[in-house]
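# A structural walkthrough
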Amino acid sequence: MYDTANLTGQHLIDGVWTGGGGQFRSAPTRGKERDFASGGAAEIDRAAQAAEAAFGLYGWTSREERAAFLEAISDEIEVRGAAITAIGSAETGLPEARLDGERGRTTGQLRLFAAHIRKGDYLDRRHDPALPDRQPLPRPDLRLIERPVGPVGVFGASNFPLAFSTAGGDTAAALAAGCPVVVKGHPGHPGTGEIVAQAVAAAIEKTGMPKGTFGFVQSATNEAGAALVTHPLIRAVGFTGSFRGGKALFDLACARPEPIPFFGELGSINPVFVLPAALAARGADLGAGWAGSLTMGVGQFCTNPGVVILPAGAAGDAFAAAAQAALAATGEQTMLTDGIATAFARGVERTASVAGVTATVAPADAARRCGAPAVFEVSGADWLANPGLAEEMFGPAGILVRVKDLPDMIDIAKSFHGQLTATLLMDDGDTSTASALLPILERKVGRILANGFPTGVEVCDSMVHGGPYPASTNFGATSVGTLSIRRFLRPVCYQNLPEALLPADLRT
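Owing to the predicted nature of the structure, the values given are computational and were not obtained by experimental measurement.

### A short note on the side chain of Ser38
Note on placement: Ser38 falls in strand 4 (residues 35-38). Note on Ser38: relative accessible area 7%, which makes it buried. Side-chain polar atoms of Ser38 contact the backbone nitrogen of Ala220, separated by 3.1 Å. Once residues lying within four places of it in the same chain are set aside, the contact partners of Ser38 are His11, Gly20, Gly21, Gly22, Gln23, Phe24, Gln218, Ser219, Ala220 and Thr221.

Dropping the structure here:
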């Protein structure tokens, strides 16, 4: 049970908790349901107007001021840690230990961005001094720096109620860049979102930032999402979610009179290539490891390894048998929302109906809002003949694609659309095979792993969490790690400007 006494059920707009719009009722896995305000275009407009007004001040704060603000948000989240864990677990069904870890990741990435902007390297400052005597023409004094784009819209994600939601990676990167943020909270965890928004509001008060620097609009409607993406004052959007929802919002962003960048992460099946030498040496261990990764978090990770390219034969059979044994011991588990559980069941049913597909771990009828493991096998030829098999099943289900040889494996690799990750399970004897696959996979994914599984994304300078379309709507971006700040910056060149007019970070 969790205490909702401190929840307002309202939006945070221009520093004030306020109602507006309709209402929706939360659907926790345990505890009492609660009514929350459900904002629409009017509430998004008020929050965007406040963000634009705040940008006139916040966009010109110093790096040190913004770093202190990010650290204050981190502190305020930790102060509310027990309440966040309790309500987050009740709303989503996620274990408390998982949410404690995710909260640490959330506060850690806020502090990482604080350290990152203090260094200043992300500004990419460049200076070409004037050459007044150059012939045949003189060169002016030219200085370049990265500047914030303006107010940013962020969508809370269903599967990470902390690290990819209210004060998650998109919000942290935008605030670090100097951009005010308007968050559309996810209706699957509205209480969690509000408590984190309260933490951000407290940090604004503590550090004296403009009230409109952060806005939070609760909503269970498509209207609010469309209004956020199309609002003329919003200059960029961060989104993590389904392909269907993300693609619809991406199209809206592109169709605006003035299109804006939409940084959407739209899902992935994250292929795993099991190479022959590794398979012969430790196939059973690899199969059990894959099963553990597949079912982690009830398969509700964007990096869930949903397809394995596995050589035919006895060694491949050993991998499959070990995976099946591990999965047989894994029962049904609660999923994040009723909608996700329903969509997962439909995806499993769709896969099972495809010609040439065999269920090796039969899909089970699970209780309401639950998902149970399912595994299918298909030949390489049947995989290539049925492109629909490459659609994500957001949950603990996977497909083993049995291939004859390296050319078959290469054909499968070439068939993939953009992915977040690809994995090579290999030994030293597989180097030549891996070398043949690598040039293909580099063009398909944002992160290539060897001898690991992709669930679990390190938050650091060198991480890439993105990939070619449709894994992401912008192949040159990442939503995790310090490089993600670049999404909310744009280069500006200053020619012959007096020192007093230059941004403080460009002055000598």
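### Digging into the side chain of Thr61
Tracing the sequence through the fold places Thr61 in the loop between helix 1 (41-58) and helix 2 (63-79). Relative accessible area serves as the criterion here: at 15%, Thr61 is assigned to the buried category. A polar side-chain atom of Thr61 sits 2.7 Å from the main-chain carbonyl oxygen of Tyr58. For Thr61, the residues in contact, after removing those within four places along its chain, are Arg66 and Met209.

### Focus on the sheet that holds strand 6 (residues 142-148)
Strand order across the open sheet formed by three strands is 5-6-21, with antiparallel pairing between neighbours. Each edge of the sheet is formed by a strand with only one pairing partner; in this case those strands are strand 5 (126-128) and strand 21 (489-495). Averaged over all neighbouring strand pairs, the angle between strand axes comes to 25°, with direction disregarded. Pairing between strand 5 and strand 6: three bridges, direction antiparallel. Note that in strand 6 the partner of Arg126 across the bridge is Leu144.

### Comments concerning the packing of aromatic side chains
The geometry of an aromatic ring pair is captured by two quantities: the separation of the ring centres and the angle between the planes. In this structure the tally under the stated criterion is 13 aromatic pairs. The structure contains a cluster of three or more aromatic residues connected by ring pairs, namely Phe155, Phe239, Phe250 and Phe262. It is Arg105 that lies over the ring of Phe160; its NZ or CZ is 5.5 Å from the centre. Over the ring of Phe263 we find Arg487, and its NZ or CZ is 5.9 Å from the ring centre.

### Quick look at the nonpolar core
Ranked by internal contacts, the top residues of the largest apolar core, which has 94 residues, are Phe69, Ile73, Phe273, Trp383, Leu437 and Phe488. Within the second largest apolar cluster, 21 residues are counted, among which are Ile44, Ala48, Phe155 and Val217.

### A few points about the packing of helix 2 against helix 5 (residues 169-177)
Where helix 2 contacts helix 5, the axes come no closer than 9 Å and their chain directions differ by 155°. One finds that helix 2 runs roughly antiparallel with respect to helix 5. Seen along the crossing, helix 2 lies across helix 5 with a hand that is right-handed. When helix 2 is examined against helix 5, the residues Arg66, Phe69, Leu70 and Ile73 are found in contact with a partner set consisting of Ala172, Leu175, Ala176 and Ala177. Here the contact of helix 2 with helix 5 is composed, by residue class, of seven nonpolar, no polar and one charged.

### Points about the sheet that holds strand 19 (residues 419-425)
Reading across the sheet, the seven strands line up as 15-17-18-13-12-19-20 and stay open at both edges, with mixed pairing between neighbours. Of all strands in the sheet, those bounded by a partner on one side alone are strand 15 (358-361) and strand 20 (445-450). Neighbour to neighbour, the strand axes of the sheet diverge by 25° on average, direction disregarded. In this sheet, strand 18 (residues 397-403) lies alongside strand 13 (residues 307-311) in parallel orientation, the contact comprising five bridges. If you follow Val307 over to strand 18, its bridge partner there is Ile399. Packed onto the sheet, helix 9 (residues 276-295) meets strand 12 (272-274), strand 13, strand 17 (374-379), strand 18 and strand 19 and runs at close to 165° relative to strand 18. Packing of helix 13 (residues 406-415) onto the sheet brings it into contact with strand 12, strand 13 and strand 18, and relative to strand 18 it is tilted by some 140°.

### Some words on the pattern of salt bridges
Side-chain pairs of opposite charge can arise where the charged atoms are in close proximity. In the structure shown here, the tally under the stated rule is 23 salt bridges. Two residues, Glu76 and Lys206, come together in a salt bridge whose shortest N-O distance is 3.0 Å. One end of the pair, Glu76, is in helix 2; the other, Lys206, is in helix 6 (residues 190-207), with 130 residues separating them in the sequence. The salt bridge partner of Glu102 is Arg98, with a shortest N-O separation of 3.1 Å. Taken as a pair, Glu102 and Arg98 lie in helix 4 (residues 96-119) at a separation of four residues, close to a single helical turn.

### What about the packing of helix 4 against helix 5?
Close contact between helix 4 and helix 5 brings their axes to 10 Å; oriented N to C, the two are set at 25°. As far as their axial angle goes, helix 5 and helix 4 are roughly parallel. Seen from above, helix 4 lies across helix 5 with right-handed handedness. Facing Gln109, Leu110, Phe113 and Ile117 of helix 4, the residues of helix 5 in contact are Gly169, Ala172, Ala173 and Ala176. Looking at the contact of helix 4 with helix 5 residue by residue, the class counts come to six nonpolar, two polar and no charged.

### What to know about helix 8 (residues 243-255)
Under the 1.5 Å per step criterion, the end-to-end length of helix 8 is 18 Å for 13 residues, consistent within 8% with the ideal 18 Å. Within helix 8, the full set of buried residues consists of Gly246, Leu249, Phe250 and Ala253. Taken down its axis, helix 8 places every buried residue within 105° of arc, on the same side. Facing away from the buried side of helix 8 by more than 90 degrees, the exposed set consists of Arg244 and Ala255. Against strand 7 (152-155), helix 7 (222-230), strand 10 (236-240) and strand 11 (262-265) lie the buried residues of helix 8.

### Here's the deal with helix 11 (residues 338-352)
Between its first and last C-alpha, helix 11 extends 21 Å over 15 residues, near the 21 Å set by a 1.5 Å rise per residue. Buried within helix 11 we find Ile340, Ala341, Phe344, Gly347, Val348 and Thr351. One side of helix 11 holds all its buried residues, which, seen down the axis, span an arc of 125°. Exposed positions of helix 11 whose direction lies more than 90 degrees from the buried face are Arg346 and Glu349. Along its buried surface, helix 11 packs onto strand 16 (370-371), strand 17 and strand 18.

Rules of the game
Residues numbered from 1 in each chain as written. Predicted model: local features only at pLDDT ≥ 70, side-chain atom pairs only at ≥ 80, totals over all residues. Heavy atoms only, no water. Helix = DSSP H or I, 4+ residues; strand = E, 2+ residues; numbered from the N terminus. Buried < 20%, exposed > 50% of the residue type's maximum accessible area, 1.4 Å probe, protein only. Polar contact = N/O pair within 3.5 Å; in protein donor to acceptor, adjacent residues only side chain to side chain. Contact = heavy atoms within 4.5 Å. Pairing = 2+ DSSP bridges. Axes fitted to C-alpha atoms, helices over the stretch in contact; angles between N-to-C directions. Phe/Tyr/Trp six-rings, centres within 6.5 Å; stacked < 30°, edge-to-face > 60°. Lys NZ or Arg CZ within 6 Å of the ring centre and 35° of its normal. Core = buried A, V, L, I, M, F, W, Y, C linked by side-chain atoms within 4.5 Å. Parallel < 35°, antiparallel > 145°, perpendicular 65-115°, else oblique. Left-handed = near helix turned anticlockwise from the far one by under 90°. Nonpolar A, V, L, I, M, F, W, Y, C, P; charged D, E, K, R; others polar. Salt bridge = Lys/Arg side-chain N within 4 Å of Asp/Glu carboxyl O. Expected span 1.5 Å × (residues − 1). Arc of directions from axis to C-beta.

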